[in-house]
Amino acid sequence: MDSARVFASVRGAEPGPTLIVVASIHGNEPAGAVAASRVAATLREESVRGSFVAITGNVAASSRRVRCVHHDLNRAFLPDPVAAARRGEAPAGLGAEGAELRGLVRALDDARAAARGPVFLLDLHSTSGDGAPFLLLPTSGGARLASAVPLTAVSGLLGMLRGTMVEEFRGEFDGALVAECGSHGSSAAPDCAEAVIRCVLAETGIAPPDPDAPRRLESFRGALPASLAVAYRHAIAPADRFAMRPGWRHFDPVTAGTPVADDARGPVLAPVTGRMLLPLYQPVGDDGFFVAIG
Ligand SMILES: [Zn+2]
């Protein structure tokens, strides 16, 4: 076991499902690791049915507290780099993230090989913009876990991106889900991530339910809808000099034609009416913002 990467592991006395939590696949998002460590500290081998495994996604970026060192690891899960990683090679062209991809794929494969039942994958993130936490569903295999987590479930977004871990690996697991747990560094983000983990552990039967966890998530969700679908992705490149206008939060209503950002060509208008999602307030990323509709 790669102990730098696998930071918590509880193997229950009784066989059963395995939940793999990946935290900090973006190194500037520590909330998931805090939450998974807290949960692991409360789990006892005699009361766990199956296994709980917590893995650091990007070790090098986490130690520097940056999103990535050279390449976004959560866009690197493409067939050729993954095949190279499974041959034990650090895939070319990814810089420091080549070794990270190899290490993360190996940790996931090791956890699956050690499993004694169905295996579920939960990928924990936080966001550069403010607003309520939410879930991102892969194009298949996300519904069961999402049904147990009372946050707004957003579909369609992962299918618009290339190379995300959960979307590309969804077929290798019995269920997979992404949780965006609030803004980077907010004190609520680890609490949200912890409640998400506890809801998933209960749904999969690995640990007894914590009745407080769904209540806490419902209070985060407030009056937001149970589900939304992404209708628009604003892709950006460095030459665009994209800059989000200040003040946008996740789920803010937005009307078609509203200027929401600026780039080298002038104002950037929202092309559809819906709700703002993932407005980019950090200098790196390929996605300026998304618009979701109910
Ligand atoms: Zn992230």
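Residues numbered from 1 in each chain as written. Predicted model: local features only at pLDDT ≥ 70, side-chain atom pairs only at ≥ 80, totals over all residues. Heavy atoms only, no water.

### Some words on the overall build of the protein chain
Thought 1: Looking only at helices and strands, the protein chain has eight helices and 14 strands in total.
Thought 2: At 18 Å, the protein chain has a C-alpha radius of gyration in line with the 19 Å of a compact globule built from 294 residues.
Thought 3: For the C-alpha atoms alone, the extent of the protein chain along its principal axes is close to 60 × 45 × 30 Å.
Thought 4: For the protein chain, the proportion of its 294 residues judged to be buried stands at 54%.
Thought 5: Within the protein chain, contacts between residues separated by at least 24 positions form 74% of all contacts whose residues are at least 6 apart in sequence.
Thought 6: Split by element, the accessible area of the protein chain, about 11800 Å² in all, is 53% carbon and sulfur.
Thought 7: Of the side chains in the protein chain, 28 bear a positive and 31 a negative charge, and the two mean positions are spaced by 0 Å. (Helix = DSSP H or I, 4+ residues; strand = E, 2+ residues; numbered from the N terminus. Rg over C-alpha atoms; globule rule 2.2 N^0.38 Å. Buried < 20%, exposed > 50% of the residue type's maximum accessible area, 1.4 Å probe, protein only. Contact = heavy atoms within 4.5 Å. Areas by Shrake-Rupley, 256 points an atom, 1.4 Å probe, with all protein chains shown as cover. Lys, Arg positive; Asp, Glu negative; His and termini not counted. Charge placed at Lys NZ, Arg CZ, Asp CG, Glu CD.)

### Regarding the packing of aromatic side chains
Thought 1: Inspection of the entire model under this criterion finds four aromatic pairs.
Thought 2: With a centroid separation of 5.2 Å and an interplanar angle of 90°, the aromatic rings of Phe77 and Phe169 are classed as edge-to-face. Taken together, the residues span a long stretch of sequence, with Phe77 in the loop between α2 (59-64) and α3 (79-86) and Phe169 in helix α6 (residues 165-169) at a distance of 92 residues.
Thought 3: Seen in terms of ring centroids, Tyr232 and Phe289 are 5.8 Å apart; in terms of plane orientation they differ by 50°. Their pairing is tilted. Pair noted here: Tyr232 is in strand β8 (residues 227-235) and Phe289 is in strand β14 (residues 287-293), with a separation of 57 residues, a long-range link.
Thought 4: Exposure remark for Tyr232: the relative accessible area of 24% places this residue in the partly exposed category. (Phe/Tyr/Trp six-rings, centres within 6.5 Å; stacked < 30°, edge-to-face > 60°.)

### Thoughts on the domain arrangement of the protein chain
Thought 1: Domain assignment breaks the protein chain into domain 1 (6-221) and domain 2 (228-293).
Thought 2: Domain 1 and domain 2 are separated by 26 Å when their C-alpha centres are compared.
Thought 3: Residue-level contacts link 21 residues of domain 1 with 19 residues of domain 2.
Thought 4: Roughly 1600 Å² of surface becomes buried between domain 1 and domain 2 when both sides are summed, with 62% attributable to carbon and sulfur atoms.
Thought 5: The interface formed by domain 1 and domain 2 includes one salt bridge.
Thought 6: Applying the counting criterion to the domain 1 and domain 2 interface returns ten residue pairs in polar contact (both at pLDDT 80 or more). (Domains from an automatic or database assignment. Buried area = accessible area lost by both parts, 1.4 Å probe. Salt bridge = Lys/Arg side-chain N within 4 Å of Asp/Glu carboxyl O. Polar contact = N/O pair within 3.5 Å; in protein donor to acceptor, adjacent residues only side chain to side chain.)

### Quick word on the coordination of the zinc ion
Thought 1: Looking at the zinc ion, the protein donor atoms are His26 (ND1), Glu29 (OE), Glu29 (OE) and His125 (ND1), and they sit 2.1 to 2.4 Å from it.
Thought 2: For the zinc ion, the four donor atoms in the first shell make angles of 56 to 146° at the metal, a pattern classed as irregular.
Thought 3: In primary sequence terms, the donor set of the zinc ion follows H-x2-E-x95-H. Note that His26 is positioned in the loop between β2 (14-23) and α1 (31-42) and His125 in strand β4 (residues 119-127), a separation of 99 residues in sequence. (Donors = N, O, S within 2.8 Å, 3.2 Å for Na, K, Ca; no water. Tetrahedral: all angles 85-135°; square planar, octahedral: opposite > 155°, others 65-115°.)

### Topic: unusual backbone geometry
Thought 1: Unusually for a residue other than glycine, Arg65 sits at a positive phi of about 60°.
Thought 2: On the secondary structure map, Arg65 appears in the loop between α2 and α3.
Thought 3: Since its relative accessible area comes to 58%, Arg65 is described here as exposed.
Thought 4: One non-glycine residue, Arg241, adopts positive backbone phi at about 50°.
Thought 5: With respect to the secondary-structure elements, Arg241 resides in the loop between β8 and β9 (243-244).

### Topic: the pattern of salt bridges
Thought 1: Enumeration over the complete set of coordinates arrives at 22 salt bridges.
Thought 2: One salt bridge connects Asp109 with Arg86, and the closest N-O pair in it is separated by 2.8 Å. Placement of Asp109 in helix α4 (residues 96-113) and of Arg86 in helix α3 is noted, with a sequence separation of 23 residues between them.
Thought 3: Measuring nitrogen to oxygen at the nearest pair gives 2.9 Å for the salt bridge that ties Arg144 to Glu203. Within this pair, whereas Arg144 is found in helix α5 (residues 143-147), its partner Glu203 is found in helix α7 (residues 188-203), the two being separated by 59 residues in sequence.
Thought 4: In the salt-bridge network here, residues are joined through shared partners; they are Glu29, Arg67, Asp72, Arg75, Arg233 and Asp287.

### Quick word on the environment of Ile206
Thought 1: Tracing the sequence through the fold places Ile206 in the loop between α7 and α8 (212-221).
Thought 2: Each C-alpha atom, one on Ile206 and one on Thr18, is 7.4 Å from the other, the two residues being 188 residues apart in sequence.
Thought 3: With residues near it in sequence (within four places) discarded, Ile206 still touches Pro17, Thr18, Leu19, Ser47, Val48, Arg49, Ser51 and Leu201.

### Quick word on the sheet that holds strand β10 (residues 253-254)
For sheets, the rule is that strands pair by backbone hydrogen bonds, running either parallel or antiparallel.
Thought 1: Taken together, the eleven strands give an open sheet; going across it, the order is β1-β3-β2-β4-β7-β5-β6-β8-β14-β13-β10, and neighbouring strands pair in mixed fashion. Looking at strand neighbours, the two that pair on one side only are β1 (6-11) and β10, the edges of this open sheet.
Thought 2: As judged from the three bridges shared by strand β6 (residues 152-155) and β8, these two strands associate in the parallel manner. Across the sheet, the residue bridging to Val154 is Leu228, located in β8. (Pairing = 2+ DSSP bridges.)

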